[in-house]
Number of protein chains: 4
Amino acid sequence: MVREERKEREFQTRRTEILEQAEKIFAARGYHNVTMAEIASASGFSTGSLYQYFTGKENLYSTMICDKLDLMYRRVRDQVKKAEGIEGKIEAIISAHFLFVEENTDFCRLFLPGENTIISEVMLSMREKMIADYRQHLIFIENILKVGTKNGYLRNLPVDALARALFGLIRTTAIDWMIKPATKKMTMQKDFILEIFLRGVKQNEK
Amino acid sequence: MVREERKEREFQTRRTEILEQAEKIFAARGYHNVTMAEIASASGFSTGSLYQYFTGKENLYSTMICDKLDLMYRRVRDQVKKAEGIEGKIEAIISAHFLFVEENTDFCRLFLPGENTIISEVMLSMREKMIADYRQHLIFIENILKVGTKNGYLRNLPVDALARALFGLIRTTAIDWMIKPATKKMTMQKDFILEIFLRGVKQNEK
Amino acid sequence: MVREERKEREFQTRRTEILEQAEKIFAARGYHNVTMAEIASASGFSTGSLYQYFTGKENLYSTMICDKLDLMYRRVRDQVKKAEGIEGKIEAIISAHFLFVEENTDFCRLFLPGENTIISEVMLSMREKMIADYRQHLIFIENILKVGTKNGYLRNLPVDALARALFGLIRTTAIDWMIKPATKKMTMQKDFILEIFLRGVKQNEK
Amino acid sequence: MVREERKEREFQTRRTEILEQAEKIFAARGYHNVTMAEIASASGFSTGSLYQYFTGKENLYSTMICDKLDLMYRRVRDQVKKAEGIEGKIEAIISAHFLFVEENTDFCRLFLPGENTIISEVMLSMREKMIADYRQHLIFIENILKVGTKNGYLRNLPVDALARALFGLIRTTAIDWMIKPATKKMTMQKDFILEIFLRGVKQNEK
DNA sequence: GATGAATGAGCGTTCATTCAT
DNA sequence: GATGAATGAACGCTCATTCAT
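What counts, and at which threshold
Residues numbered from 1 in each chain as written. Chains lettered and ligands numbered in written order. Predicted model: local features only at pLDDT ≥ 70, side-chain atom pairs only at ≥ 80, totals over all residues. Heavy atoms only, no water. Helix = DSSP H or I, 4+ residues; strand = E, 2+ residues; numbered from the N terminus. Buried < 20%, exposed > 50% of the residue type's maximum accessible area, 1.4 Å probe, protein only. Contact = heavy atoms within 4.5 Å. Areas by Shrake-Rupley, 256 points an atom, 1.4 Å probe, with all protein chains shown as cover. Lys, Arg positive; Asp, Glu negative; His and termini not counted. Charge placed at Lys NZ, Arg CZ, Asp CG, Glu CD. Near = heavy atom within 4 Å. Polar contact = N/O pair within 3.5 Å; in protein donor to acceptor, adjacent residues only side chain to side chain. Phe/Tyr/Trp six-rings, centres within 6.5 Å; stacked < 30°, edge-to-face > 60°. Lys NZ or Arg CZ within 6 Å of the ring centre and 35° of its normal. Axes fitted to C-alpha atoms, helices over the stretch in contact; angles between N-to-C directions. Left-handed = near helix turned anticlockwise from the far one by under 90°. Nonpolar A, V, L, I, M, F, W, Y, C, P; charged D, E, K, R; others polar. Domains from an automatic or database assignment. Buried area = accessible area lost by both parts, 1.4 Å probe. Salt bridge = Lys/Arg side-chain N within 4 Å of Asp/Glu carboxyl O.

### Observations regarding the overall build of chain A
Counting its secondary structure elements, chain A contains 9 helices and 0 strands. Going from the N terminus to the C terminus, chain A shows its helices and strands as α-α-α-α-α-α-α-α-α. Counting all 206 residues of chain A, 53% fall into the buried class. The long-range share in chain A, meaning contacts at least 24 apart out of those at least 6 apart in sequence, stands at 67%. On chain A, roughly 10100 Å² of surface is accessible, and the fraction owed to carbon and sulfur atoms is 51%. For chain A, the distance from the average site of its 32 positive side-chain charges to the average site of its 28 negative ones is 3 Å.

As structure tokens, this is what we get:
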């Protein structure tokens, strides 16, 4: 029935609206320093209504986190798909990640070293999903690198470790940039990372 | 006076005892999910006594964090001092860090991505100290690398970026290991990181 | 909207209910010896609810005090307005005050000499309001007496001091009565005060 | 034994020292806002030692209050003894009281309307003693006035009410002065009070 | 006797969640 | 369905008093 569909559509719209407001607030102040009342008033709902869209505060938080992380990983994959050649794809992994961080700094700041929030079932399963997604992403990177290994462009090293190394360079650059955002755009460091990753820091012996 | 000294010594002993118990508990459950009563009972004191050693929960937490971080950086610097040659020193940076993480896994887990706890003065100043210490450590690494750059062992690249890259590889390995501690010892990945960092991942052209 | 109005009305009803219960309890045991839990249970609310009507314990206390004092001063002024002639008005000042004290003995007991409660902003501003109201009341009395001074009924003495003297006689009678409430009604002493105030205690020389 | 005596003397000296410091602190901040630790440190003793001189905080407080009140009443009586004639003695009652208030303003401020502190046995018995002393003082005043009544200097009115009236005028002047201490010395209002009390406020009919 | 560290009951206040309207 | 007032458990922290040294 059309009625049903519209309802469902409105439901999703409202849910998204809440999540967007919640993201801003959580990003600014952290999970524990935010009250449901604040999220309710920021998103134009009553506290009671929040519980129609989410089972509780933890669920709201973890949903927001997971949704946004999914978006990040998807963005990276999309850009990689468009890029060509090994080097092009590696470049895309780096710059898509940086772009996301630049565009969602507040959100990403939630992932700076901080308090371990895991205590309940809900939070635990969120953590597990986050880890699974992270692993998935590493595997995605591995697969890109595998091609390079196979066709001899890259040295024959264990791809999982290679992927971790590449992601480590990306992650550390993002962390440092978030700590001191005054710096120039992160994107400018893409080439440097790429250079280090590909050619190492050591002087080539003649 | 001897009496005074012994008192002071006992005070420090007890303070340390509290910090050690607090570390375990905070590491396991995060700042907000831990109560002063728990820390008190775990360390064999009354809640009131905790306030003789620390001005409050935040102070107890941030003291614990800062003390332990200081220890980590000190450990790394000590090992590096003992090591010889550029490569030896870089190796020491990596393995001392890994060793610390392996020996203090629970503590280090507090630095996995998590909630932004900063809200009060106390927590803010803790954060600032942490960042300052981190920067200091990067500079320490820079200075090691600078030698290599000067004597031609390393390529002539901006040392701050090099230091960040090295630390990024170390950090990411530690994070991944903590997420899935079942893996074999981190120390075994030292050589790999060193290899990647020094020679890059790209096949040398003939 | 009617709905809104009823809500507001109910809010006020409940607030008043809390204030009434709080008055009884505070009057019986003093500010510091009363807990929010007691007030909550006496007024049939949960502790949390109290904070919907008042910002905290101090606010609840000072609101109660100020409201009731306002009532007292208003009562006196109303009675004076109805009375005729200088002497009638002075009589009204005395008897309206006594009546209020008799009807609100517990509340008035809060003003017996006791602990200085002023420490916080809230309590300080309450004290200031109380003093301001008291001064206002003295001025009100002054204005009554001024008429008598002008038309030659009263001796030509400084009205502020006269007002203070009259109020002093009233206050002291009330204090003494509250200390030993077994005595017969205060109202019976009205005439005596009036007599003393108007004619003094000295035998007229012939 | 002499040894015993000296001990006793020292004990009293120390007790008095504590009481003096306690008075300052209580006067400034009120019973509940003062801690035993503060009194201990202000008087140069340990918290434990305080309990050798007083059975607890309440006992310390009530002792201080009673001692000082005794002093006040004694002062007044001493001055009255020296004065001559009814009017002289009444004058002495007024001015000795004012003098005490001026010299011990902080202490007297403890008796401004404020929180009812009575809750425990100790405080209750303090209150009772205070009331008894107050009554005693009123009787003392009565006895002075009785002489005047008998010899025809004063009108033939109930002396208890007369005493209360006189004390009311004194008290109210003191209260008002303490509320707004900027005013000129209270002593200057002595004559006014005397005038009102003796001759009343009403114009004498010819 | 003197000390002051240790105690722990008790407080005001917050906030996720519920449910009568 | 939507509301937001009501709930009440839980927390960090204080401080009078005790007692081992």
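### What about the protein's contact with DNA strand F?
Around DNA strand F, the surrounding shell holds 29 residues, and the nearest of these are Ser49 and Gln52 of chain A, Lys57 of chain B, Gln52 of chain C together with Met36 of chain D. Counting only the atoms of DNA strand F within 4 Å of the protein, the fraction contributed by sugar and phosphate is 67%. At 2.8 Å from a phosphate oxygen of DNA strand F is found a side-chain nitrogen or oxygen belonging to Ser49 of chain C. Contact between DNA strand F and Val34 of chain D: a phosphate oxygen at 3.4 Å from a main-chain N or O atom of the residue.

### So, the packing of aromatic side chains
On inspection of all chains with the given rule, the structure shows 28 aromatic pairs over all chains. Ring geometry for Tyr134 of chain D and Phe167 of chain D: centres 5.4 Å apart, planes at 55 degrees, overall tilted. Within this pair, whereas Tyr134 of chain D is found in helix α7 (residues 121-150), its partner Phe167 of chain D is found in helix α8 (residues 159-179), the two being separated by 33 residues in sequence. Each residue in the set Phe11, Phe45 and Tyr53 of chain A is aromatic and connected to the rest through ring pairs, giving one cluster. The residue whose ring lies beneath Lys68 of chain A is Phe107 of chain A, and the NZ or CZ to ring-centre distance is 5.8 Å. Its end group placed over the ring of Tyr31 of chain D, Lys57 of chain D keeps NZ or CZ at 4.4 Å from the ring centre.

### Describing the packing of helix α7 (residues 121-150) of chain C against helix α8 (residues 159-179) of chain C
Residues and elements named next belong to chain C. It is at 8 Å that the axes of α7 and α8 come closest, and there the two elements cross at 115 degrees. Here α7 and α8 pass one another in a crossing that is right-handed. Here α7 contributes Tyr134, His137, Leu138, Ile141, Glu142, Leu145, Lys146 and Thr149 to the contact with α8, which in turn contributes Val159, Asp160, Leu162, Ala163, Arg164, Leu166, Phe167 and Arg171. Residue classes in the contact of α7 with α8 are distributed as 9 nonpolar, 2 polar and 5 charged.

### What to know about the domain arrangement of chain A
Residues and elements named next belong to chain A. Per the domain assignment, the segments of chain A are domain 1 (1-54) and domain 2 (58-199). When each unit is reduced to the centre of its C-alpha atoms, the spacing between domain 1 and domain 2 is 28 Å. On the domain 2 side, the residues contacting the 13 residues of domain 1 number 14 residues. A combined buried area of about 1200 Å² lies between domain 1 and domain 2, and 74% of that area is made up of carbon and sulfur atoms. Joining domain 1 to domain 2, the criterion identifies 1 salt bridge.

### Observations concerning the protein's contact with DNA strand E
The environment of DNA strand E is made up of 27 residues, and the closest members are Met36 of chain A, Gln52 of chain B, Lys57 of chain C together with Ser49 and Gln52 of chain D. Backbone atoms, meaning sugar and phosphate, form 69% of the atoms of DNA strand E found within 4 Å of the protein. Separating a phosphate oxygen of DNA strand E from a backbone N or O atom of Lys57 of chain A is a distance of 3.0 Å. In the model, a phosphate oxygen of DNA strand E is placed 2.4 Å from a nitrogen or oxygen of the Gln52 of chain D side chain. With 5 residues, helix α3 (residues 47-53) of chain B is the single largest residue contributor to the surface near DNA strand E. Residues of the surface near DNA strand E, tallied by class, amount to 8 nonpolar, 15 polar and 4 charged.

### With respect to the environment of Lys68 of chain D
Residue and element names in this part refer to chain D. When you line up the elements, Lys68 lands in helix α4 (residues 57-82). Among the residues examined, Lys68 registers a relative accessible area of 14% and is labelled buried. Counting along the chain gives 45 residues from Lys68 to Glu23, while the straight-line C-alpha distance between them is 9.0 Å. In contact with Lys68, other than residues within four places in its own chain, are Glu23, Phe100, Asn104 and Phe107.

### Quick look at the pattern of salt bridges
Residue and element names in this part refer to chain A. A complete count under the given rule lists 49 salt bridges over all chains for this structure. A salt bridge links Lys129 to Asp70, with the shortest nitrogen-to-oxygen separation between them at 3.3 Å. Highlighted residues: Lys129 in helix α7 (residues 121-150) and Asp70 in helix α4 (residues 57-82), separated in sequence by 59 residues. With its nearest N and O atoms 2.5 Å apart, the salt bridge here joins Asp133 to Lys129. Here Asp133 pairs with Lys129, and both are found in helix α7, just 4 residues apart, close to one helical turn. Because the salt bridges share partners, they merge into one network encompassing Arg6, Glu10 and Arg14.

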